[in-house]
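Single-letter residue listing:
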Amino acid sequence: AQKVTQAQTEISVVEKEDVTLDCVYETRDTTYYLFWYKQPPSGELVFLIRRNSFDEQNEISGRYSWNFQKSTSSFNFTITASQVVDSAVYFCALSEADQGGSEKLVFGKGTKLTVNP
Amino acid sequence: ETGVTQTPRHLVMGMTNKKSLKCEQHLGHNAMYWYKQSAKKPLELMFVYNFKEQTENNSVPSRFSPECPNSSHLFLHLHTLQPEDSALYLCASGHGGSGLLGETQYFGPGTRLLVL
């Protein structure tokens, strides 16, 4: 069974601080994909990044960066110089293919990030 | 602006009511999904449709009835719900059916349902 653990339920920081959201996953598959989504108060899940299991290069996109380490089964997400608009619930997810060939995402419970001015 | 729309955005219904949630995707995807998000719980996959065929029913009670008339539209028909069914219901779409793992799912804004 696949599992995604986001141990941090809630994090509160002050604007401009750096913050790292942890994600640890379990899978028996050798090929898999990992995702991060952002859910602002409006409710919609916004796609942030997809990473496949063969690509361990870290990725940076503006103030966002991701650290993928297969050795520790972790896919952590860092926001640099956080802003109030970063306040949201962040979900890590792991993919698997169902019998019909469709994508199935297994989500963690999410980390609620509050950035205070 | 999202490529996946959901209506209504908010819904209050009694336990004896019948209502339907609607989802429409404008992304040319072949797969559509219903998820349930309850407080303090991970997102739960409910149904998966791939090329209009249901490929997953994740042990969802029969009071929830999905319908997928075409690859762009997905409905969730609700009948005699319980208060514990109150949640945010999210629709998503993805390429699906391609046999390629790792296709991204794109989500709609959700319908916040309250069952009284």
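Residues numbered from 1 in each chain as written. Chains lettered and ligands numbered in written order. Predicted model: local features only at pLDDT ≥ 70, side-chain atom pairs only at ≥ 80, totals over all residues. Heavy atoms only, no water.

All names here are of chain B. Among the secondary structure elements, Gln25 is positioned in strand E3 (residues 18–25). For Gln25, a relative accessible area of 3% corresponds to the buried category. At 2.9 Å, the side chain of Gln25 and the backbone nitrogen of Leu27 are in polar contact. One polar contact links the side chain of Gln25 to the main-chain carbonyl oxygen of His29, over a distance of 2.8 Å. Leaving out residues up to four positions away in the same chain, Gln25 has contacts with Gly3, Val4, Met32, Ser71, Ser72 and Ser93. (Helix = DSSP H or I, 4+ residues; strand = E, 2+ residues; numbered from the N terminus. Buried < 20%, exposed > 50% of the residue type's maximum accessible area, 1.4 Å probe, protein only. Polar contact = N/O pair within 3.5 Å; in protein donor to acceptor, adjacent residues only side chain to side chain. Contact = heavy atoms within 4.5 Å.)

Looking now at the layout of surface pockets. Think of a ball as big as a water molecule: rolled over the atoms, this probe shows where empty space is left. Roughly 670 Å³ of internal volume is contained in the largest pocket. Residue lining of the largest pocket: 25 residues in total, with Val89, Phe91 and Lys109 of chain A together with Gln37 and Lys40 of chain B positioned closest to the centre. No other element matches strand E10 (residues 88–97) of chain A, which puts three residues into the lining of the largest pocket. Taken together, the residues that form the lining of the largest pocket break down as nine nonpolar, 10 polar and six charged. (1 Å grid on protein atoms, 1.4 Å probe; cavity = no way out; pocket = protein on both sides within 12 Å on 5 of 7 lines; lining within 4 Å. Points joined across faces, edges and corners; volume = space filled by probe spheres on them. Nonpolar A, V, L, I, M, F, W, Y, C, P; charged D, E, K, R; others polar.)

With that settled, the discussion passes to the sheet that holds E3 of chain B. All names here are of chain B. With antiparallel pairing, the four strands of this open sheet are ordered in space as E1-E3-E8-E7. Each of the sheet's edge strands pairs with one partner strand only, and the pair in question is strand E1 (4–7) and strand E7 (64–70). The average angle at which neighbouring strand axes cross in this sheet is 20°, direction not considered. With five bridges connecting them, E7 and strand E8 (residues 73–79) associate as antiparallel partners. (Pairing = 2+ DSSP bridges. Axes fitted to C-alpha atoms, helices over the stretch in contact; angles between N-to-C directions.)

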